[in-house]
Amino acid sequence: MKTFDIPEILDKIRKTKPVVHHLTNWVTIYDCANIVKTLGGSPIMAHAPEEIDQIVSIASSVVLNIGTLTIDFVESMKLAARAASIRKIPVILDVCGAGATELRNRKIFELIEYAHIDIIKGNASEVANVAGRKVFTKGVDSSDVSIDLIEVAESLAKQKSCVVVITGKYDIVSDGNKTFYIKNGHGLLTCVVGTGCMVSSVIGTFAAVEKNLLNAAIGALVCFGIASEIAAEQSKGPASFKMALFDVLYGLDREKIESRMKLEKVK
Amino acid sequence: MKTFDIPEILDKIRKTKPVVHHLTNWVTIYDCANIVKTLGGSPIMAHAPEEIDQIVSIASSVVLNIGTLTIDFVESMKLAARAASIRKIPVILDVCGAGATELRNRKIFELIEYAHIDIIKGNASEVANVAGRKVFTKGVDSSDVSIDLIEVAESLAKQKSCVVVITGKYDIVSDGNKTFYIKNGHGLLTCVVGTGCMVSSVIGTFAAVEKNLLNAAIGALVCFGIASEIAAEQSKGPASFKMALFDVLYGLDREKIESRMKLEKVK
Amino acid sequence: MKTFDIPEILDKIRKTKPVVHHLTNWVTIYDCANIVKTLGGSPIMAHAPEEIDQIVSIASSVVLNIGTLTIDFVESMKLAARAASIRKIPVILDVCGAGATELRNRKIFELIEYAHIDIIKGNASEVANVAGRKVFTKGVDSSDVSIDLIEVAESLAKQKSCVVVITGKYDIVSDGNKTFYIKNGHGLLTCVVGTGCMVSSVIGTFAAVEKNLLNAAIGALVCFGIASEIAAEQSKGPASFKMALFDVLYGLDREKIESRMKLEKVK
């Protein structure tokens, strides 16, 4: 790949069907698995500590999401993250609900300390919390935060040597050196439960085949955002929108991606 | 609000986006979250005992559903119910499967003893069982019961100082003094798993913004019932019906509510 | 029933609404419940060990699926399987992910040793693994396996005195004496998460009313396969396909079944 080419990554997913291992929340677990499958990947959701190492050994990426965390479940996540680190498999952490409770903050901290996290993903208030900024999180939905999100993304990425994704009206992706805005997307995404979790799974699927994780995250956000725009045109409300989102993602092609991509370098 | 106005409650949900905390079953958890979101609320599903108090502190109502109960899970429910009681936040208990097993009966009893439940909701046989009537429950689906449901609702409501909701062909809502029939609804609701659970989440969302819990329950049942009627007109079977139900609920407005509402005072 | 008549079995489900008890995975649990309901049955998903015996006592079949197994969860499965054996209620075991990890292999072995399993169901590599053949399983998705699947199905069926179902492009069903190909189905089934799990629930629902378990499994696969063919004609991608699958299954009738059935005796 001479230059960064999103349709090529998507094509690689469809051809190689990478296994994407999840330890995720119980609310959106089906949609997380199904969006991986829709992209062409092969989802596995497994959390028994006794089998995590073997599952990770056949996976190409690991997606962690603390939406409905318990202490035991996070212990399984730690095992998965470390098994992945050892095998140089990328780990995506969705810091769902960061800032909402002390338990979440503590467990996110523990996860990041315990094993290398390759991509940290959340909405503005969640990522700001992980970065140590004092902001208020109202549940798992994004809150308006009046802080410099570019600075937050870049400094957290540098500090943790990872890629940081902040989702919102405009998504932000940074590896600490390069930072991008992805301006694709549609407002209906905020009217359906689990679209944030699905984004993490899409990122995990792209990261399973694309070693440059900044490019993987960008490709994932661009494709998901474009699919949401096309789906919105075909839908009568949030439920038909969600159905169309999966149908469109399944059929997404180079023409649609290249004609609609709104990627902007920040610095 | 001079008089009881359902569209105004719906409007308040959409404007204030109340957090509705759930400890619910693992089968319909996504639909429960998604229906709150579709109405304009902000669902949280969290059950780790270590964070329940903090989650309740940002919530405006708590919905409990024992569909896939375990002993530990009910302990978390107790913590949530008591935390809500202390903060004067309404607690809705869906007595899913009451009467099917001794475990369910005992745990419902414990929950009601441990903390104040503001709204008890179930189908005819479930609520009759909670009220101490001897009826047979075949699984989690409603059974025909040849008892006086109005009397059951009223006496249970008085005894527990709560609002009682009995769902069925005609829904019954009572606070022990006033009792209403809601005659909106559609038969396709019985062909889709989780519509009963969703009703509890809709009630929880209305109760999050409307202090008069009798009115909150009535408003929820009227809106859900009307949405089901409109959705049925647009669908080819239970799956397209379910999709339409969410789309319609998302766009429900004063005109549709006022022209279709079938509310009847019993006494 | 003079001769084997699939529409009659379907009719019996719709008339008697049998309770189908599940201990299944957390990913597809909703779809498993919902497909039983769509067929006309009454699903129960309950796993607390304290109530399993009472749940089984009102059930007409038990479906076990180890997709997201834990050690505790398999203990509950054992209780359910034995309770069902005692009551002569058929037990269906979906050996989801067999071969992927030692934990899965060991737990499947334990389940089959602990109580009689009436129907073992999996894809080619899963069932081959259970039958002791050395094949590689890549996650929970079917792998190409270059072994004689007819021989695998027949020998496993004989060895365990059960019916064996191997799903794939052509499904295979054997009781050790008689073996059939079911050639209904559609490629889109492989693009949606959970269709394999749903098949097990459909088999469980047919087995709840049809004592000849070979016929029950065949009937289930024929109906599911035909529904998928009709659904594919109506859909724009995997998500609209899935919705149509449920709608079509709900309305499936004798004419559609008899005109489309592709059942072939192997020996």
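In short, a report on the structure. A quick note: this is a predicted structure, and the numbers were derived from the prediction, not measured.

Concerning the interface of chain B and chain A
Turning to step 1, where the next piece is worked out: Every contact between the two is made by 27 residues of chain B and, on the other side, 32 residues of chain A.
Turning to step 2, where the next piece is worked out: Contact between chain B and chain A buries roughly 2,400 Å² in total, counting both sides, with carbon and sulfur atoms accounting for 62%.
Turning to step 3, where the next piece is worked out: Of all residues in chain B, Tyr30, Lys37 and Asp247 of chain B bury the most surface against chain A, accounting for 25% of the area lost on that side.
Turning to step 4, where the next piece is worked out: Connecting chain B to chain A are one salt bridge.
Turning to step 5, where the next piece is worked out: Put simply, chain B and chain A have eight residue pairs in polar contact (both at pLDDT 80 or more) between them.
Turning to step 6, where the next piece is worked out: Those elements that provide at least two residues to the side of chain B that touches chain A are helix 2 (29–39), strand 2 (42–45), helix 3 (49–57) and helix 10 (238–251) of chain B.
Turning to step 7, where the next piece is worked out: When residues of the side of chain B that touches chain A are assigned to their parent elements, the largest contribution, six residues, is made by helix 2 of chain B.
Turning to step 8, where the next piece is worked out: In terms of residue class, the side of chain B that touches chain A is built from 15 nonpolar, seven polar and five charged.

Thoughts on the relation of the copies chain B and chain A
Turning to step 1, where the next piece is worked out: Once chain B has been moved 0.0 Å along the axis and rotated by 120°, it coincides with chain A to within an RMSD of 0.0 Å. One copy is carried onto the other by what is essentially a three-fold rotation axis. Looking at the rotation axis and the C-alpha trace of chain B, the residue lying nearest is Trp26 of chain B, at 4.0 Å.
Turning to step 2, where the next piece is worked out: Comparing interface residues between copies, only 7% of those in chain B also lie at the interface in chain A; the contact surfaces differ.

Thoughts on the packing of helix 3 of chain B against helix 4 (residues 71–86) of chain B
Residues and elements named next belong to chain B.
Turning to step 1, where the next piece is worked out: Between helix 3 and helix 4, whose axes approach to 9 Å, the crossing angle comes to 25°. Classified by the interaxial angle, the pair formed by helix 3 and helix 4 is roughly parallel. Our pair here, helix 3 against helix 4, has a crossing hand that is right-handed. Taking contact as the criterion, the partners of Pro49, Ile52, Asp53 and Val56 in helix 3 are, on helix 4, Ser76, Leu79, Ala80, Ala83 and Ala84.
Turning to step 2, where the next piece is worked out: Here the residues of the contact of helix 3 with helix 4 sort into seven nonpolar, one polar and one charged.

Overview of the sheet that holds strand 6 (residues 163–167) of chain A
Residue and element names in this part refer to chain A.
Turning to step 1, where the next piece is worked out: On the basis of which strands lie adjacent, the open sheet formed by nine strands has the order 2-1-3-4-5-6-7-8-9 and mixed pairing. Across the chains shown, the open sheet's two edge strands, defined by having one partner strand only, are strand 2 (42–45) and strand 9 (263–265). If you compare each strand with its neighbour and ignore which way they point, the axes differ by 20° on average.
Turning to step 2, where the next piece is worked out: Two elements, strand 4 (residues 91–94) and strand 5 (residues 119–123), share three bridges in a ladder whose sense is parallel. Looking at strand 5, one finds that Ile92 is bridged to Ile119.
Turning to step 3, where the next piece is worked out: Each of strand 1 (19–23) and strand 2 is contacted by helix 2 (residues 29–39), which is oriented at about 155° to strand 2, the strand it contacts most.

Section: the relation of the copies chain A and chain C
Turning to step 1, where the next piece is worked out: With an RMSD of 0.0 Å, the fit of chain A onto chain C corresponds to turning through 120° and sliding 0.0 Å along the axis.
Turning to step 2, where the next piece is worked out: A distinct binding surface is used by each copy, with only 7% of the interface residues of chain A retained as interface residues in chain C.

Basis of the calculations
Residues numbered from 1 in each chain as written. Chains lettered and ligands numbered in written order. Predicted model: local features only at pLDDT ≥ 70, side-chain atom pairs only at ≥ 80, totals over all residues. Heavy atoms only, no water. Contact = heavy atoms within 4.5 Å. Buried area = accessible area lost by both parts, 1.4 Å probe. Salt bridge = Lys/Arg side-chain N within 4 Å of Asp/Glu carboxyl O. Polar contact = N/O pair within 3.5 Å; in protein donor to acceptor, adjacent residues only side chain to side chain. Helix = DSSP H or I, 4+ residues; strand = E, 2+ residues; numbered from the N terminus. Nonpolar A, V, L, I, M, F, W, Y, C, P; charged D, E, K, R; others polar. Least-squares fit on C-alpha atoms with pLDDT ≥ 70 in both. Axes fitted to C-alpha atoms, helices over the stretch in contact; angles between N-to-C directions. Parallel < 35°, antiparallel > 145°, perpendicular 65-115°, else oblique. Left-handed = near helix turned anticlockwise from the far one by under 90°. Pairing = 2+ DSSP bridges.

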